[in-house]
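# Structural description and commentary
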Amino acid sequence: MSYQADITIIGAGVVGLAIASRVASEDREVYLLEKNETFGQETSSRNSEVIHAGIYYPEGSLKAKTCLEGNILLYELCQKYGIGHRKLGKIIVATHDTEVDELEILLKRGESNGVDGLKMLSQQELGKLEPSVKGVAALLSPSTGIINSQALMRYFLGSAIDNGVQVAYRTKVVGIDKASGEYKVRVEDSGGSFSFMSTVIINCAGLYSDEVAEMIGVNVAKVGYKLHYCKGEYFSVGNGKDKLVNRLVYPVPKTGEGGHGIHVTLDLDRRMRLGPNSHYVEKIDYLVDNSQKRAFYESVVKILPFIEYDDLEAEMAGIRPKLQAEGEDFKDFVINHECDKGLPGFINLIGIESPGLTSAPAIAKYVSNLVNEALKN
Ligand SMILES: Cc1cc2nc3c(=O)[nH]c(=O)nc-3n(C[C@H](O)[C@H](O)[C@H](O)COP(=O)(O)OP(=O)(O)OC[C@H]3O[C@@H](n4cnc5c(N)ncnc54)[C@H](O)[C@@H]3O)c2cc1C
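All of the points below concern the structure found in this document. (Residues numbered from 1 in each chain as written. Predicted model: local features only at pLDDT ≥ 70, side-chain atom pairs only at ≥ 80, totals over all residues. Heavy atoms only, no water.)

### Some points on the packing of aromatic side chains
- Summed over the entire model, instances satisfying the criterion amount to seven aromatic pairs.
- With centroids separated by 5.1 Å and ring planes inclined at 65°, the aromatic side chains of Tyr-31 and Phe-196 adopt a geometry described as edge-to-face. Taken together, the positions of Tyr-31 in strand 2 (residues 30-33) and Phe-196 in strand 12 (residues 192-203) put the pair 165 residues apart, joining distant regions of the chain. Like Tyr-31, the residue Phe-196 is buried in the burial classification.
- Ring centres 6.0 Å apart and planes at 90° place the aromatic pair Tyr-297 and Tyr-309 in the edge-to-face group. Pair noted here: Tyr-297 is in helix 8 (residues 293-301) and Tyr-309 is in the loop between helix 8 and strand 18 (312-322), with a separation of twelve residues, a long-range link.
- Assessed through its relative accessible area of 18%, Tyr-297 is described here as buried.
- Taking NZ or CZ as reference, Arg-273 lies 4.5 Å from the ring centre of Tyr-234, over its face. (Phe/Tyr/Trp six-rings, centres within 6.5 Å; stacked < 30°, edge-to-face > 60°. Helix = DSSP H or I, 4+ residues; strand = E, 2+ residues; numbered from the N terminus. Buried < 20%, exposed > 50% of the residue type's maximum accessible area, 1.4 Å probe, protein only. Lys NZ or Arg CZ within 6 Å of the ring centre and 35° of its normal.)

See the structure below:
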């Protein structure tokens, strides 16, 4: 590694990798720094691997825009580069007449966001499509799918490296200072600590992105960048029950819930899991609390009556980096070139929770424009 970068990307999760592959070019020195042993060890490999359609997010929000665009870009990438995926569709199921109005609201929101092909299903239509699912009505989203997130990250990494990005693992950014119109980045690796200069910094440090913003002196509490950790646990479904549905099955989301409600996801091998639930935590750990099993069972058995308590087994957990504290309303992704904070060339990405996996290629496009702007000035 030479010690002068044009662009330094902090964090090799799916977002940092997508950005690296997008901003790389022959005439740019680009570093991608990751504190772990390899890429994608945190939130990017602890999620549902769903390619979202963009139904839930308020119109005009970055979450809605990048999700819609990301959905299209991901399917294109998957087809072009043979990345494992399936556009299997999803249904959001109302279990009671009182929930049907909520489905209508989601339908309208999805349509105004530009989601294609949404369709309300009657009880009979639902029964034909998914005979094992119980509900009074459903909203069908055909453009929802699943993806092999490891394969996607490997693709972004390969493309970044092919385009000259230098990737450093076990390299933790521990300090950033402003110095003569550039940034001095201090890092620690197995050999000790060193520093280098960079014109542009892109902070994609996921759960630690507020800490990285603090390193350059941003008052995260004051500007609304403080992250709140919201844990999501999963239980797998065994005993052969996993072949009884063909699509992703979601409940109608409840107001104030931190996620989309405990739902059924399928992976590319058709293994079924339930989750994630949603509860705020103080610290990061990925243990699954087995005492949640009853709550998982009860929340899905209304929709999937074939599931029995003993079919469930604790599987894994992920943590959402949320900008909204418990009980607060929707907050959008922060993707900001911090010129207004006196930090030209410093781009913060904070609160990249769901649909961050889906949005990654669209976020990369958006950030690439900010980088071009920063390098022009
Ligand atoms: C339970 C759950 C389910 C989800 N389901 C979906 C879904 O189905 N579909 C979807 O679209 N999205 C989903 N998401 C959201 C999606 O997983 C995230 O938005 C996405 O993975 C975020 O990627 P990232 O690169 O920003 O963060 P991360 O994957 O967390 O990567 C950040 C990286 O930065 C590194 N880092 C941090 N600090 C430093 C430092 N100081 N120096 C060097 N490196 C550093 C970390 O080690 C990490 O590797 C889900 C999230 C959760 C938690």
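### Section: helix 2 (residues 62-81)
- Counted at 1.5 Å a residue, the expected span for helix 2 with its 20 residues is 28 Å, and the 27 Å between its end C-alpha atoms agrees.
- Note on helix 2: the residue one or two positions beyond its end, Gly-82, has a positive phi of about 65°. (Expected span 1.5 Å × (residues − 1).)

### Remarks on the pattern of salt bridges
- Within this structure, the stated rule accounts for 19 salt bridges.
- Here Asp-269 and Arg-271 are joined by a salt bridge, their closest N and O atoms 3.6 Å apart.
- For Arg-271, a relative accessible area of 49% corresponds to the partly exposed category.
- Through salt bridges with shared partners, a single ionic network connects Lys-63, Lys-322 and Glu-353. (Salt bridge = Lys/Arg side-chain N within 4 Å of Asp/Glu carboxyl O.)

### Focus on the site of the ligand
- Around the ligand, the structure places 38 residues, and the nearest of them are Glu-34, Ser-44, Val-50, Ile-352 and Thr-358.
- Within the side chain of Glu-34, an N or O atom sits 2.6 Å from an oxygen atom of the ligand.
- Taking Asn-36, its side chain carries an N or O atom lying 3.2 Å from an oxygen atom of the ligand.
- If you list the elements that add at least two residues to the shell around the ligand, you get helix 1 (14-23), strand 10 (172-179), strand 18 and helix 9 (356-376).
- A per-class count over the shell around the ligand returns 16 nonpolar, 14 polar and eight charged. (Near = heavy atom within 4 Å. Polar contact = N/O pair within 3.5 Å; in protein donor to acceptor, adjacent residues only side chain to side chain. Nonpolar A, V, L, I, M, F, W, Y, C, P; charged D, E, K, R; others polar.)

### Concerning the sheet that holds strand 8 (residues 145-147)
- Spatial strand order, 3-8-4: three strands in an open sheet with antiparallel pairing. The open sheet has two free edges, formed respectively by strand 3 (50-51) and strand 4 (85-86), since each of these has just one partner strand.
- Judged from the two bridges that link them, strand 3 and strand 8 form a sheet pairing that is antiparallel. Bridging from a neighbouring strand, Val-50 pairs with Ile-146 of strand 8. (Pairing = 2+ DSSP bridges.)

### A short note on the side chain of Glu-338
- Residue position: Glu-338 is located in the loop between strand 19 (334-337) and strand 20 (346-350).
- Of the polar contacts made by the side chain of Glu-338, one reaches the side chain of Asn-348; its length is 2.8 Å.
- Once residues lying within four places of it in the same chain are set aside, the contact partners of Glu-338 are Tyr-225, Leu-343, Pro-344, Phe-346 and Asn-348. (Contact = heavy atoms within 4.5 Å.)

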